[in-house]
Amino acid sequence: MNALIVAGVLLVLLGVSYQTGWSKSRNLATANGVKVHSRPQYHGSYSAIWTMIPALVILLLWAWFGGGIARDYAVSQIPQDTLLALDQAGLNNALNRINALASGYGVAGDVAPWEQAAGSAVRSFNFLTFAGMLVLAVVAGGAGLVYARSRITARLRARNTVERVISLLLLACSGVAILTTVGIVASLVTEAFRFFTFINPIDFFFGTVWAPNNAGGANHGQYGLLPLLTGTLMITAIAMLVAVPVGLMAAIYLSQYAPRGFRAVVKPFIEILAGIPTIVFGFFALVTVGPFLRDFGNAIGLNINATSALTAGIVMGIMIIPFVSSLSDDILNQVPRSLRDGAYGLGATQSETIRNVLLPAALPGIVGAFLLAVSRAVGETMIVVLAAGNSPILRGNPFEPVSTITVSIVNQLTGDTDFTGPQSLVGFALGLTLFVVTLCLNIFALYIVRRFREQYE
Amino acid sequence: MATDIASPASRSASSERTRAIRAGLVRRHATEQIFRGLGIAAIAVALGFVAILFIDVFRKGIPAFVQSNVHLSVFFDPELIDVDPAPARDQFPSDAEYTAASLKWQRSVALLNWNTIVEASLRKAAPEAGDMTAREILSIPETDARHEIREMFVANPSLLGQTVDVDVLASANAQNWIKGNIDRSLGDKQQQLSAPARALIDTFVENGTISNGFAWSILTNVDSRSAPASAGLLGAFVGTLWMMLIVVVLAVPIGVAAAIYLEEFAPKSRLTDLIEVNINNLAAVPSIVFGLLGAAVFINWFHLPISAPLVGGLVLTLLTLPTIIIATRGALLGVSPALRQAALGMGASKTQMVFHHVLPVTFPSILTATILGVAHALGETAPLLLIGMKAFVASVPATPLDQAAALPVQIYLWQGNENRNFFEPRTAAAIMVLLGVMILLNGAAIYLRSRLEKRA
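Residues numbered from 1 in each chain as written. Chains lettered and ligands numbered in written order. Predicted model: local features only at pLDDT ≥ 70, side-chain atom pairs only at ≥ 80, totals over all residues.

As recorded in an unreviewed UniProt entry, chain A goes by the name Phosphate transport system permease protein, listed as coming from Devosia soli. Heading Sequence similarities (unreviewed entry) of the UniProt record for chain A holds this comment: "Belongs to the binding-protein-dependent transport system permease family. CysTW subfamily." The Function (unreviewed entry) comment attached to chain A in UniProt states, word for word, "Part of the binding-protein-dependent transport system for phosphate; probably responsible for the translocation of the substrate across the membrane." (UniProt positions renumbered as here; feature names shortened; annotations may be inferred.)

**Focus on the domain arrangement of chain B**
All names here are of chain B. As far as domains go, chain B holds domain 1 (18–62), domain 2 (65–215) and domain 3 (234–455). Computed from C-alpha atoms alone, the centre-to-centre distance between domain 2 and domain 3 is 45 Å. Each side of the interface is counted separately: domain 2 has six residues, and domain 3 has five residues. Of the residues contributing to the side of domain 2 that touches domain 3, the split by class is three nonpolar, three polar and no charged. (Domains from an automatic or database assignment. Contact = placed C-beta atoms within 7 Å. Nonpolar A, V, L, I, M, F, W, Y, C, P; charged D, E, K, R; others polar.)

**Quick notes on helix α3 (residues 115–125) of chain B**
Those residues of α3(B) that fall on the buried side of the exposure criterion are I117(B), V118(B), E119(B), S121(B) and L122(B). Those residues of α3(B) hidden inside the fold are in contact with β1 (66–75), α4 (134–138) and α5 (145–155) of chain B. (Buried ≥ 20, exposed ≤ 12 C-beta atoms within 10 Å, placed from the backbone. Helix = DSSP H or I, 4+ residues; strand = E, 2+ residues; numbered from the N terminus.)

**Observations regarding the domain arrangement of chain A**
Domains assigned within chain A are domain 1 (2–156) and domain 2 (212–455). Each of domain 1 of chain A and domain 2 of chain A was reduced to a C-alpha centroid, and the two centroids are 51 Å apart.

**Some points on the UniProt feature "transmembrane region" (unreviewed entry) in chain A**
If you check UniProt for "transmembrane region" (unreviewed entry), the listed places come out as residues 43–65, 127–148, 168–188, 233–257, 269–293, 299–324, 357–378 and 425–449 of chain A in our numbering. The annotated region residues 233–257 of chain A carries 100% helix and 0% strand content, and the separation between its end C-alpha atoms amounts to 34 Å.

**Focus: the interface of chain B and chain A**
Contacts between chain B and chain A engage 69 residues on the former and 70 residues on the latter. Among the elements that make up the side of chain B that touches chain A, the one with the highest residue count is helix α1 (residues 8–61) of chain B (18 residues). Looking at side-chain class alone, the side of chain B that touches chain A contains 48 nonpolar, 15 polar and six charged residues.

**Regarding the nonpolar core**
In this structure, V315(A) and I383(A) are the most contacted members of the largest nonpolar core, which totals 217 residues. At 18 residues, helix α9 (residues 234–265) of chain B tops the list of elements feeding residues into this core. Those residues in contact with V315(A) that lie beyond four places of it in its chain are F281(A), F284(A), A285(A), V289(A), I383(A) and A387(A). If you look at the next biggest cluster of nonpolar residues, it comprises eight residues, including Y46(A), A148(A), A158(A) and V162(A). (Core = buried A, V, L, I, M, F, W, Y, C linked by C-beta atoms within 7 Å.)

**Here we look at helix α2 (residues 40–77) of chain A**
In this model α2(A) runs 53 Å from its N-terminal to its C-terminal C-alpha over 38 residues, within 8% of the 56 Å that 1.5 Å per residue would give. If you look at α2(A), its biggest bend is around 50 degrees, right at F65(A). (Expected span 1.5 Å × (residues − 1). Bend = angle between axes of the 7 residues up to and from the residue.)

Put into C-alpha cells, the structure is as follows:
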C-alpha cells in the first residue's frame, strides 16, 4: 500500500516536472522567436532530473534508516521496568507484538495495557513519519523543480546535461556485472572463511571421508572433499566420453557434408536439447535411463546401479552434445577456406582433408570448446541431484552411486539459512571450490579460443 | 612424338602404380564412407535422444491428464448434520455480530464428521459393500471430498435434507489401481488398497459410478499433501510468473543499458576491459553459485523473505543478465556503420544516434534474446533450491513477497514424493506443462524475429 502511494507520488512528480520544463521551453521559443539550444524534450527531462534526484535521495535515505528509527521508537515506548526484564529474544517478541498491534492485525493471547499503548503510539508514529517523509520528498523535488525552471533559458545546454546523466546511468547498469562478481566472491569467501574456522582447510581439501553431522552439536562430523571431487570428475569424464564424439562428429557432418536444407532443419532440433531444463534431464535419467542401464547390466551380467555415476554421466553427456556441437561448428567454420582448398588440390578426399588438415588447424579452438563443456559439466546440478545416487564414498566404480560437489551444496544448504555451523557453511566452501575450478577452466578456455580466432583473422 | 611413347618397362611400372593407387583409392573411399557414416550416426544419436526424451515424457505424462471422478449422490442427512440453523443477517443488529455468529456456526459445522456423509453416499452407491469398514470405503474418494461437501453446505445451508449429485476425485491409490499404475497381480500385502476396496472400485468403474475425465485439477489446483490426487500446478505457475515478471522488468533494461554502454560509449580503458571479462565469465559461472549468492546476500544480509518469488526473480535476473548483454552487444555490433554515420552527419548527438536510430533497428534481436533468456531462466532449478524455494506451499502467491513454489521446483518436489506410482506420471505431466511453456516462448521468439525482421 505504502509502496503504491510512493510510486504514485513519484509518477505525479515526474509528469509535473517534465511538463513544466517542456512548456517553459516552448514559451521561450514562441515568445521571443530566439533560437533555443536544446529541444523542449531536453528541457523537460532536465527539470525532471532536477526534481526526481532530491526526492529519490530522501526516499532512499528513509528506506535505509527508517526501519532502525522506527525500531528505536518502538523500544522507547516499552516501559523502563518491562524493558529491563526482557532478553534479546523477548525484546524481539515484544517488538513483533507491538508492530502487529500497530498494523491492526491483532495478536494472539491477552494484550497488556502497555502493549496496547505502545501499539497505538507506534501506529501514529509510523503514519506521521510516512506522511512527513512524503511531504519532505515532494518539497525537495519541488525546490529542485523551481531551481531547474529558473535555469531554463534559451542558452541552457540542457541536452548535454541530460546526455551526461544518461551515460552515467548506462555506466551504472554495466557496473551491475561487476557488483555481481564482487557479491559472489565476497559472499563465498567470507562464508567459506567462517567454515574454515570450524574445520581445518587441510582436512577439507585432502580429507577422504565425507560425513557431516547434520544433527548439530559439538561433533561437526568430517568434511573431506576428495569423495565429492572424484565423483564430480568421474561423472564429468563419462559425460565428455558421450558428448565429445557425438557433438564433434555431428558438427563436422553439419558444417562439412550436410546440404544446406538438411542443416537448416537438423540444427534447431539438436539445439532443442540445449533448451531443455536440466531438471527434465534429471527426471529422464532417474525414471528411464537408470532402470534401463540396470536391466541392461543384468542382461550382460554386470551389476549396474540404477542411480550411478554412469547414469548421471550419460545423461549429462546428452545435455552437453549441443553445446559441444555448436561451439565446434563455429570453430570449424573459422578455419580459412584456403587450407581446405589446398588439401583438395593435392587430391585428398573430404574426410582426409577434415582429419589431416581441418581438425589439426582447429584443434586449439576445439580444446577450448572441450574445456568450456567440462566446466559446464562440473557445475551441473539437477541431473546429479536426481540420478547420481548421493553416496559420498570414495570409490572408482562408475556403476556405483556417487555424490558430487554440487549435490552436497544442495544437500547442506536447502532451506537452512542461519549459517551458524559448518553443516551449512560447508556449502560455501564447496561453492568457492566450484567457482574457482570453473573460473580457471573458463578463463583458460576463452583465452585459447581467442588466440585461435586471432590466428586466422 | 617419341617422347609420348613410353617404354614397355615404364608402362608396366606406371600401370603397377595406377593399380596401387586404385587399390588405395578403394580403401580411401571406404574410409570416406565410414567417416561420413559416423557423422550421420552422430546426428542420428543426438536426434534420437531428443525423440526418446520427448516420447518418454509424453508417454508417462499423458495418463496423468486423465483423472477418475466418483459420482456420488450426497444426502445431507439432518441426523448426521446436527447443527443449529445458519444465522441470518436480520437476526442481528450489526454486521460485526452477524459475522461473529456465522463464523461460530461455521466452526460448529467444521467440527462435524463429514466423512460419515461421504461414507453414507458411497454405501448407497454400492449396496454390496455392506461389511466393508469405513476406512476401506473412504480409501476410494480423495480425502478432500469431505471438505468439498462441507463447503457446499456452508455456501448453501438450505441443502439440509436434500440429495445432491456431486463429483469428487478418486483417491491417488484408487486412480493407481484404475489406471494400472500399480501391478494388479501383486499380492494383498504389496497393494495399498484392501481387496474389497479394489473389488468395489472395479464395480464402480463397471457401473459408471467412477468415470474418467480431463484432469483440470492439475492446472487449477495448488499443491496438496493430504489429498495428493488434487495436487496441481497453479501455485507454482503463478510463482514462476512473478519471477519471470521480475526478470523481464529488471534484466532487460539493465542488460540493454549495459550493452549500449559497453558497445557505444565505453572508452578503451582498464575498467571497460574488466567489465567485459567479468560479463564473459559470469555467463559461464554455474547457476548453483548464483543460488549461493542469493542465499548469502539477499537472504542473509538483506533479510529478504525466504522462498519468495522476489528473491528468486533477483537471482534469476543476475543469471540472465550476461546472456542479454552479450546478445544485445552482438545485435548492436551488427548495425551498419552507414546508419550511424548518416545520423551523426545530420547533426545528431551520439546519444540521439544510439537511441533514435541504432536501438530501434536492433529491437527484434533484443526481443528474441530476452525471450530466450527468460525461457532459460524459467527452467533453472538449483539456485531456487538454495534460496529456500523447495518449501511446501499450498497457496497462490498474491505478491512477490509471499512464499511460493516454482514450476521446476514443483517438478523436483513431486519426483521425490513417496507415492511414486501416482506422482511419476504427475511429474511427467508437470514437465509437459513446463516444456509447453518453453516451446511457446521459443516459438514466439522465432515468430517475432522473422516478422519484425521482414518489416525492418
